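In case you want the letters, here they are:
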Amino acid sequence: MKKFHRSIAIALAAGFATATAASPDTVEIHDGAIAVGTTTNWTSDHIYRMWNKVFVRSGTTLNIQAGTLVLGSNNSDSATVLVVSRGGKIHAQGTATQPILFTSEKDSLAFKGALPNNNASRGLWGGIVILGRAPNNSPGGVSDLTSDISGDTALLSYGDSTKPDPHDNSGVLSYVSIRYTGISDYSTIKGLQLCSVGDGTQIDHVESYVSDEDGFDILGGTVNLKYIVSSYSAGDVFYYSNGYRGKVQYLFTIQNIIPGGASNGVNTKIESADTLATPTSMGQMWNVTYISTGDSTGKSLLNTYTGKYKYALVYKKDGAGTFANSIVTETPYGGVFVDTSALKDSHKSKTSDSLGHNLVIANNLWDRIGSGNSLDGVASGLPYLAT
């Protein structure tokens, strides 16, 4: 299994190597370089190095040409992160042969090498955050990331208190690789974080690789994701909460145990942020492939809750949804864990309740599950999953 994990890592690293044939001209990007109310174009004949927070503000568009290399500085005064605020748009449209690469300035991949898949390569810059006006279940329909990222609340808010738009359009991310993210600002920043992003936004063929936090983190919204890779993250591979109601199809994930890492997460964690919040999180996940750590010694590394990739799926705080037509393998303990400690009584014993919470897990292949491949091994103590 270790050889298999290594071969996958090499393939992932090599798959985006064509994005690095850039000229030595480097454009330094500080906040304000993307002028408000304008369209800014980043082209593949330059390297772009971001410093600190770089905002794409309302009424502003950032176009990134296929094959462009974007670096996150490691020497900023605060964490380097690209934030697309509400009303701003990013059009990062790569291709299969000319993907767009966001990575650390320390990444020697830009110079025909590759950083190793280890702890030293994690958290070298922040990541990408997109904020929209689609619905979420925060009080009043609006929340912000000021507890995670330093900056102006108006630029870091998501949702809409008066007219949330499930079809909100924040642009395009297609054939994009996001690498070595997760540096801490106020809190750790994710690889790709989508907050109240609407289904008018296109997210496909996007990779998060070796993050020190969650690979993909979705808070509310209705955005759909397709052809997604999340590999070797220290946090959760994929996370949705805050009333997310979108669809995810063709998600591929692979994990390895991080020696001594206290922040190891699970493959996918689903929450609603609060057991009484509406709408509840109820995303749909189809055609997923999960390859977990494959190390039975992972059981001895677990805390009393769920961490260390013990399960493929963890549902908390009334988080629900559909997980179907998928393959799950190499989980150290079980397949599914539902934390019923804070749930309404009606959700503890059946698949839906009076508030319309629905949990559907169907037509999946479970193999090499630590506690066994039977229903009891995959979802021990959860009889309603069999209905």
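From a predicted model like this one, the values you see are computed outputs, not experimental measurements.

Colleague: Help me understand the overall build of the protein chain, please; the structure alone is not making it clear to me.
Modeller: Along its length, the protein chain carries two helices and 28 strands. Looking at the protein chain residue by residue over its 387 residues, the buried ones come to 58%. Sequence separation of 24 or more characterises 70% of the internal contacts of the protein chain that already satisfy a separation of 6 or more. Surface exposure of the protein chain reaches about 14500 Å², of which carbon and sulfur atoms provide 52%.

Colleague: In this structure, what is going on with the pattern of salt bridges? I would like to understand it.
Modeller: Side chains that differ in sign of charge can pair as their charged atoms come close. Evaluated as defined, the whole model comprises six salt bridges. Notably, a salt bridge pairs D31 with R57, separated by 2.9 Å at the nearest N-O pair. Linking D31 in the loop between β1 (26-29) and β2 (39-42) with R57 in the loop between β4 (53-56) and β5 (61-64), this pair joins segments that are 26 residues apart in sequence. D31 gets classed as partly exposed once you look at its relative accessible area, which sits at 36%. The salt bridge partner of R49 is E105, with a shortest N-O separation of 3.3 Å. Taken as a pair, R49 in strand β3 (residues 47-50) and E105 in the loop between β9 (100-104) and β10 (127-131) lie far apart in primary sequence, 56 residues in all. A relative accessible area of 22% places R49 in the partly exposed class. E105 gets classed as buried once you look at its relative accessible area, which sits at 19%. Put simply, E28, R49 and E105 are held in one network by salt bridges that share partners.

Colleague: Explain the environment of N74 here, please?
Modeller: Mapped onto the secondary structure, N74 falls in the loop between β6 (69-72) and β7 (81-84). Its relative accessible area of 22% is what places N74 among the partly exposed residues. Expressed as a C-alpha distance, the spacing of N74 and W125, which sit 51 residues apart in the sequence, is 6.1 Å. Residues contacting N74, with those up to four places away along its chain left out, are S104, E105, K106, L124 and W125.

Colleague: Would you take a moment to explain the side chain of E330 for this structure?
Modeller: The topology assignment puts E330 in the loop between β25 (327-329) and β26 (336-338). Residue E330 is classed as buried on the basis of its relative accessible area of 7%. A distance of 2.4 Å separates a polar atom in the side chain of E330 from a polar atom in the side chain of R368.

Colleague: Mind showing me how you'd approach the pairing of strand β15 (residues 202-209) here?
Modeller: A regular strand places its side chains on the two faces of the sheet in alternate fashion. Across the eight residues of β15, six count as buried, placing the element largely inside the fold. Relative to β15, strand β13 (residues 171-179) runs parallel, the two being bridged by seven bridges. Considered in β15, the bridge of S177 is made with E207. Bridge count for β15 against strand β17 (residues 224-231) is seven bridges, and the pairing is parallel. Pairing of D204 across the sheet is with K226, part of β17.

Colleague: Is there a simple way to think about the packing of aromatic side chains in this case?
Modeller: Here the distance between the centres and the angle between the planes together describe a pair of aromatic rings. Evaluated as defined, the whole model comprises eight aromatic pairs. Relative to Y209, the ring of Y180 has its centre 5.8 Å away and its plane inclined at 75°; by these criteria the two rings are edge-to-face. Taken as a pair, Y180 in the loop between β13 and β14 (192-195) and Y209 in strand β15 lie far apart in primary sequence, 29 residues in all. Grouping residues by exposure puts Y180 and Y209 together as buried. On the basis of an interplanar angle of 80° and a centroid distance of 6.2 Å, the ring pair of Y209 and Y232 is categorised as edge-to-face. Of this pair, Y209 sits in strand β15 while Y232 sits in the loop between β17 and β18 (238-241); the two residues are 23 residues apart in sequence, bridging distant segments of the chain.

Colleague: Explain the pairing of β18 to me, please; I cannot follow it from the model alone.
Modeller: Of the two faces of β18, the one carrying F238 and Y240 and the one carrying Y239 and S241 are both buried. Of the strand pairs in this sheet, strand β16 (residues 216-219) and β18 are connected by four bridges, and their pairing is parallel. Its bridge partner being in β18, D217 is matched across the sheet by Y239.

Colleague: Would you explain the environment of I361 in this entry?
Modeller: In this structure, I361 sits in strand β27 (residues 359-362). I361 gets classed as buried once you look at its relative accessible area, which sits at 17%.

Cut-offs used in this document
Residues numbered from 1 in each chain as written. Predicted model: local features only at pLDDT ≥ 70, side-chain atom pairs only at ≥ 80, totals over all residues. Heavy atoms only, no water. Helix = DSSP H or I, 4+ residues; strand = E, 2+ residues; numbered from the N terminus. Buried < 20%, exposed > 50% of the residue type's maximum accessible area, 1.4 Å probe, protein only. Contact = heavy atoms within 4.5 Å. Areas by Shrake-Rupley, 256 points an atom, 1.4 Å probe, with all protein chains shown as cover. Salt bridge = Lys/Arg side-chain N within 4 Å of Asp/Glu carboxyl O. Polar contact = N/O pair within 3.5 Å; in protein donor to acceptor, adjacent residues only side chain to side chain. Pairing = 2+ DSSP bridges. Phe/Tyr/Trp six-rings, centres within 6.5 Å; stacked < 30°, edge-to-face > 60°.

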